[in-house]
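Below are the chains, spelled out letter by letter.
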Amino acid sequence: MPTVKMTVNGKAVSAEVEARTLLVNLLREKLGLTGTHVGCDTSQCGACVVHIDGKSVKSCTTLALQAEGTKVTTIEGLANGEKLHPMQEAFRDNHGLQCGFCTPGMVMSAICLVKETPNPTEKQVRDGLEGNICRCTGYHNIVQAVLAGAKAMRG
Amino acid sequence: MAPLDTGIGAAVRRREDARFLTGRGTYTDDINRPGQAHAYILRSPHAHATIKKVDIKKAKSSPGVIAVYTGEDFKPINGVPCGWLVTGKNNKPMIEPKHPIIAEGKARHVGDPVAVVIAETKAEARDAAEKIDIDYGALPAVVDMKAALKGGGKSVHDAAPDNLCFDWELGDKAATDAAFAKAAHVTTLDLVNNRLVPNALEPRAAIGDYDKATGEHTLYTTSQNPHVIRLLMGAFVLGIPEHKLRVVSPDVGGGFGSKIYHYAEEALVTWAAKQLGRPVKWTADRSESFMSDAHGRDHVSHVELALDKDNKFLGFRFETLANMGAYLSTFAPCIPTYLHGTLLAGNYSTPAIHTNVKAVFTNTVPVDAYRGAGRPEATFMIERVIDKAARELKTDPAELRRKNYIKPEQFPYQTPVALMYDIGNYGATLDQVLKLSDPGGYAQRKAASKAKGKLRGRGIASYIEACGIAPSNVVGSLGARAGLYEAATVRVNPTGSVVVFTGSHSHGQGHETTFAQVVSSMLGIPMESIEISHGDTNRVPFGMGTYGSRSIAVGGTAIHNAVNKIIAKGKKIAAHMLEAAEADIEFKNGKFTVAGTDRSKAFGEIALAAYVPHKYPLETVEPGLDETAFYDPKNFTFPAGSYVCEVEVDPDTGVVEIQSFAAADDFGRIINPMIVEGQVHGGLAQGIGQALTEACVYDKNGQLQTGSFMDYCMPRAQDVPNFKVAHSVTACTHNPLGVKGCGEAGAIGAPPTVINAIVDALQEYGVEHIDMPATPHRVWKAIQDAKARKR
């Protein structure tokens, strides 16, 4: 089996994987980072979104080997110790999550969205979250959270 | 001590968010047991077929394979039981065919399990499953309900040759026919309530674990009600006594009804773990969820409304076909009957109502409760036909409703369809939603839309729901095979912290916050001192779980009653310690005080005394401070409300855009308004999804055409608007918290509101109805058909 090396949440990791192993399986099963979720098998729901070199990527549609040499950030790597990332904080303040299953992917996508569009309109947030499905919140509070998170990230 | 700002009525931020936002939640698939093997289930690609031969030789020798099981292995094991016996006309009980764990001799829907491979890894199990050779004899499939009832040699089950599961009625038929005979106006409508796939974002998963040393089974499962699973699977399927079966439902990623039921996969992994002496895990792929999770809705109905010359409702008459799918899921038979027929009075004082429901077997995935469960179907029929009547009678749809509402002074109100509504004020929520939705500015907005080439429409609907299911003796007399109370234990620790064990299960509802607020308010101690524990049959005394918006009304009341027992015992202890009469002890803001004095003991001091009973009334009071309450509700609760939606339709493309949505609900007393609003938003999005985007489609051969998120259109952030939400309060009269429940309202009220708005937008074409989901194609076609009719 080939070996893959990458940095995950700031830590160098190395693992033997099958060629068909998906990045999400490496994260969840080999590295124990179960915060990244799998909600579908067609790249639609976005529960598996992580950052690879700062860009949001669906880890269920990325082979582990494709992440060779990259810097991967998962939901577990966002907070600075006990201090939540402003987007995590905004989701909490705005009740932007219910069951929590879509949340890690939603937060990762939202951060990337705001990095690309620091001062988004409500419509830009709704369009930007097209790749993330939430079944619980009706998106209302997620949109509020992302707008608030964007403001906090602008500082 | 001042009252706490985290008590009842405060928008407290959720405590569960800390773990969910940092990736530290524990969902079933996040759990891995030592030595765990993985199950992959091979499912029928045919809707209906005999299974002539299953050759597992090659699969058994595939790398990593531990075992392969087929229907033969499960023949001696009971099927998945149904939890509700519906008795139809002439006392005829429903037909209840066996629902095997693995199909025996015949597959009855696409997705019916036919074999299971257990291997070291999921990938190896999947690879091996491809090597199983099955000789199917394809049979003609039964899909359309009307065709199914004709039988004609096409039967899902031999026991039901014409595919009729039951033929049930409710209401006074003669009185209803008489009402129609004297009506000044009758409005009729044919409706389809589209089949939906619940699609909680976490796919179902189950891990069976068996301890040879103790003989104890543990099942980790994505369930809304672990005790119900323990009862159904333990007692009815595998014959495992309760004390040897632990069911754990850890964090669960949404349910919406689909995780109420006992599913075959749970029994399968529990059984296999014992056979193999190893934990066995199964996690569904989303495509697998589409063909194995119970679906929702799927009714075809004919609706009639009779009115007198003053536009007062005289009678409602309904005929409904309800799809059961290929087997009876746990609560399937009660959905179109006792959660549907009984809701057909809606918010209105209609004297005569009759409904007839025929439940039909088809070669499709079983259908059961999905958010609202029978009540959205009932509301859709009532609110669509009222809207049509208003149009025919050229009267304002809001005022037609108001005229026929049950008035506040009429409560308690006995409906002609069995329910006794305790309280409500439907005019109040109507006034509130009208205020929120600015009817005065509508003409201007319509003109502005017109100027853009768009057609604007405005729709209104009211709803009522029966929640907090239910008095056990009542549902028992109606065929429920379980009681529907809830249990709670409140355990006060020696240092005054509290653990609440509740039979309600939280899978997004925020119980860990809401329930803690109730306890915090009652005991006057901070939320940080209170832990809410749920989802484990070894920790929680008993429970019937979370569904039907029952958690606060039933589970919350059980907690309330257990806390009151704690307070009562605390008073006895305090009386002894303060050398006063028990009757003189008052409990307020966390202190037991001798009335009229400043002599008091803090809650924590009483807790400590209960566990270190040195100066303690040991002759009359047991040590310890730990109380359990079982609460059986006296009645259903009846949340109600009115919604208004405005849409813009593009007549060239049929695209519908929701411009605004306002919701006014009466949920009784509200514990946490932030959480309640979140529940409303979520329900509205699911209701809008049903109205505009979602449809589970089978072709005539029973092939599932919408088997993934690529072709089943889940609402996305772009598909729904911002919501305007308001509440008014009539407190429930029969539970101490005055609460009614809020989980399903949005999904019940939204579909007719949206469709009423679209039909309104299409008035210039004379369109009278449009089926859900109102996709661009359907809307465009309705316009084209209407144009053709005019030509």
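Residues numbered from 1 in each chain as written. Chains lettered and ligands numbered in written order. Predicted model: local features only at pLDDT ≥ 70, side-chain atom pairs only at ≥ 80, totals over all residues. Heavy atoms only, no water.

1. Some remarks on the overall build of chain A
Here comes step 1: Counting its regular elements, chain A contains 5 helices and 5 strands.
Here comes step 2: Sequence-ordered secondary structure for chain A, helices as α and strands as β, is β-β-α-β-β-β-α-α-α-α.
Here comes step 3: By the compact-globule yardstick of 15 Å for 155 residues, chain A fits well, its C-alpha radius of gyration being 15 Å.
Here comes step 4: If you line up chain A on its principal axes, its C-alpha atoms span 45 × 30 × 25 Å. (Helix = DSSP H or I, 4+ residues; strand = E, 2+ residues; numbered from the N terminus. Rg over C-alpha atoms; globule rule 2.2 N^0.38 Å.)

2. With respect to the packing of aromatic side chains
Centre-to-centre distance and the angle between the planes together describe a pair of aromatic rings.
Residue and element names in this part refer to chain B.
Here comes step 1: Scanning the model with the defined rule gives 26 aromatic pairs over all chains in all.
Here comes step 2: Their ring planes at 80° and their centres at 5.3 Å tell us that W168 and Y338 sit as a pair that is edge-to-face. Pair noted here: W168 is in strand β7 (residues 164-171) and Y338 is in the loop between β14 (313-325) and β15 (352-361), with a separation of 170 residues, a long-range link.
Here comes step 3: A residue is classified by how much of its surface remains accessible, and Y338, at 15% relative accessible area, is buried. (Phe/Tyr/Trp six-rings, centres within 6.5 Å; stacked < 30°, edge-to-face > 60°. Buried < 20%, exposed > 50% of the residue type's maximum accessible area, 1.4 Å probe, protein only.)

3. Structural notes on the interface of chain A and chain B
Here comes step 1: The partner chain B presents 54 residues to the 45 residues of chain A that form the contact.
Here comes step 2: In total, chain A and chain B occlude about 4,200 Å² of area from one another, counting both sides; carbon and sulfur atoms represent 53% of this.
Here comes step 3: Linking chain A to chain B there are 4 salt bridges.
Here comes step 4: Note that R28 of chain A and D30 of chain B form a salt bridge whose closest N and O atoms lie 2.7 Å from each other.
Here comes step 5: Inspection of the chain A/chain B interface yields 31 residue pairs in polar contact (both at pLDDT 80 or more).
Here comes step 6: Those elements that provide at least two residues to the side of chain A that touches chain B are α2 (86-93), α3 (103-116), α4 (122-128) and α5 (140-154) of chain A.
Here comes step 7: When the residues that make up the side of chain A that touches chain B are grouped by side-chain class, the tally is 17 nonpolar, 17 polar and 11 charged. (Contact = heavy atoms within 4.5 Å. Buried area = accessible area lost by both parts, 1.4 Å probe. Salt bridge = Lys/Arg side-chain N within 4 Å of Asp/Glu carboxyl O. Polar contact = N/O pair within 3.5 Å; in protein donor to acceptor, adjacent residues only side chain to side chain. Nonpolar A, V, L, I, M, F, W, Y, C, P; charged D, E, K, R; others polar.)

4. Let's talk about the nonpolar core
Here comes step 1: One finds F91 of chain A together with Y421 and I758 of chain B to be the most contacted residues of the largest nonpolar core, which totals 184 residues.
Here comes step 2: It is helix α19 (residues 745-761) of chain B that contributes the most residues to this core, 9 residues altogether.
Here comes step 3: Contacts of F91 of chain A, omitting those with residues within four sequence positions, involve G96, L97, T103, M106, V107, A110, I142, A145 and V146 of chain A together with L21 of chain B.
Here comes step 4: Counting 48 residues, the second largest nonpolar core, distinct from the first, contains I567, A575, I606 and Y616 of chain B. (Core = buried A, V, L, I, M, F, W, Y, C linked by side-chain atoms within 4.5 Å.)

5. Here we look at the pattern of salt bridges
Residues and elements named next belong to chain B.
Here comes step 1: This structure, assessed with the given rule, holds 54 salt bridges over all chains.
Here comes step 2: Close ionic contact of R14 with D17 constitutes a salt bridge, the shortest N to O distance being 2.8 Å. The exposure classification of R14 matches that of D17, with both residues buried.
Here comes step 3: When salt bridges with common partners are traced through the structure, they connect D438, R445, K452, R456, R458, E646 and E648 into a single cluster.

6. Observations concerning the side chain of N735 of chain B
All names here are of chain B.
Here comes step 1: Structurally, N735 is set in the loop between β28 (723-727) and α19.
Here comes step 2: The exposure class of N735 is buried, given its relative accessible area of 7%.
Here comes step 3: Engagement of the side chain of N735 in a polar contact is seen with the backbone oxygen of V739, the distance being 2.8 Å.
Here comes step 4: Not counting residues within four places of it along the chain, the set of residues in contact with N735 comprises A553, T557, Y631 and T637.

7. A look at a nonpolar patch on the surface
All names here are of chain B.
Here comes step 1: Taken together, the side chains of L608, Y611 and V612 present a nonpolar region at the surface, about 230 Å² in accessible area.
Here comes step 2: Structurally, the position occupied by L608 is in helix α17 (residues 603-611).
Here comes step 3: Given the relative accessible area of 44%, L608 is considered partly exposed. (Patch = residues over 30% accessible without salt bridge, like charges linked within 9 Å, V, L, I, M, F, W, Y side chains within 5 Å. Areas by Shrake-Rupley, 256 points an atom, 1.4 Å probe, with all protein chains shown as cover.)

8. Digging into helix α20 (residues 776-790) of chain B
Residue and element names in this part refer to chain B.
Here comes step 1: If you check α20, its first and last C-alpha atoms are 21 Å apart, about what 15 residues at 1.5 Å a residue would give, namely 21 Å.
Here comes step 2: Those residues of α20 that fall on the buried side of the exposure criterion are V779, A782, I783 and A786. Along α20, the residues classed as buried sweep out an arc of 95° about the axis, all on the same side.
Here comes step 3: Contact partners of the buried residues in α20: β26 (640-649), β27 (656-666) and α19. (Expected span 1.5 Å × (residues − 1). Arc of directions from axis to C-beta.)

9. Considerations on the domain arrangement of chain A
Residue and element names in this part refer to chain A.
Here comes step 1: The domain architecture assigned to chain A consists of domain 1 (3-77) and domain 2 (86-154).
Here comes step 2: Using only C-alpha atoms to locate each centre, domain 1 and domain 2 end up separated by 21 Å.
Here comes step 3: Contacts between domain 1 and domain 2 engage 18 residues on the former and 16 residues on the latter.
Here comes step 4: For the pair domain 1 and domain 2, the interface holds 1 salt bridge.
Here comes step 5: Two residues, E116 and K55, come together in a salt bridge whose shortest N-O distance is 3.8 Å.
Here comes step 6: Across the contact surface, domain 1 and domain 2 share 6 residue pairs in polar contact (both at pLDDT 80 or more). (Domains from an automatic or database assignment.)

10. Quick look at unusual backbone geometry
Residues and elements named next belong to chain B.
Here comes step 1: Omega for the peptide link from F411 to P412 comes to -5°, which places this bond in the cis form.
Here comes step 2: Within the element layout of this structure, P412 appears in the loop between α11 (397-404) and β16 (413-414).
Here comes step 3: Between I469 and A470 the backbone carries a cis peptide bond, its omega angle lying at -5°.
Here comes step 4: Examined against the element boundaries, A470 turns out to sit in the loop between β18 (455-464) and α14 (472-477).

11. Thoughts on the sheet that holds β7 of chain B
Residues and elements named next belong to chain B.
Here comes step 1: In spatial order, the strands read β7-β15-β14-β13-β8; together these 5 strands make up an open sheet with mixed pairing. Single-partner strands in this sheet number two, and they are β7 and β8 (185-193). Mean inter-strand twist for the sheet, computed between neighbouring axes without regard to direction, equals 10°. (Pairing = 2+ DSSP bridges. Axes fitted to C-alpha atoms, helices over the stretch in contact; angles between N-to-C directions.)

12. Observations regarding the environment of P104 of chain A
Here comes step 1: Tracing the backbone through its elements, the reader meets P104 of chain A in helix α3.
Here comes step 2: Along the sequence, P104 of chain A and E76 of chain A sit 28 residues apart, while their C-alpha atoms lie 8.8 Å from each other.
Here comes step 3: Excluding residues within four positions of it along the chain, P104 of chain A makes contact with G35, H37, V49 and I75 of chain A together with F20 of chain B.

13. Overview of the sheet that holds strand β4 (residues 55-58) of chain A
Residues and elements named next belong to chain A.
Here comes step 1: Pairing within the open sheet is mixed, and its 5 strands lie in the order β2-β1-β5-β3-β4. Of all the strands in the sheet, just β2 (11-16) and β4 have a single pairing partner and so form its edges. Strand-to-strand twist across the sheet, computed as the mean angle between neighbouring axes with direction ignored, equals 40°.
Here comes step 2: Where strand β1 (residues 3-8) lies against strand β5 (residues 71-73), 2 bridges are found, and the strand directions are parallel. Across the sheet, residue V8 finds its bridge partner in β5, namely V72.
Here comes step 3: Sheet contacts for α3: β3 (49-52), β4 and β5; angle to β3, the most-contacted strand, approximately 45°.

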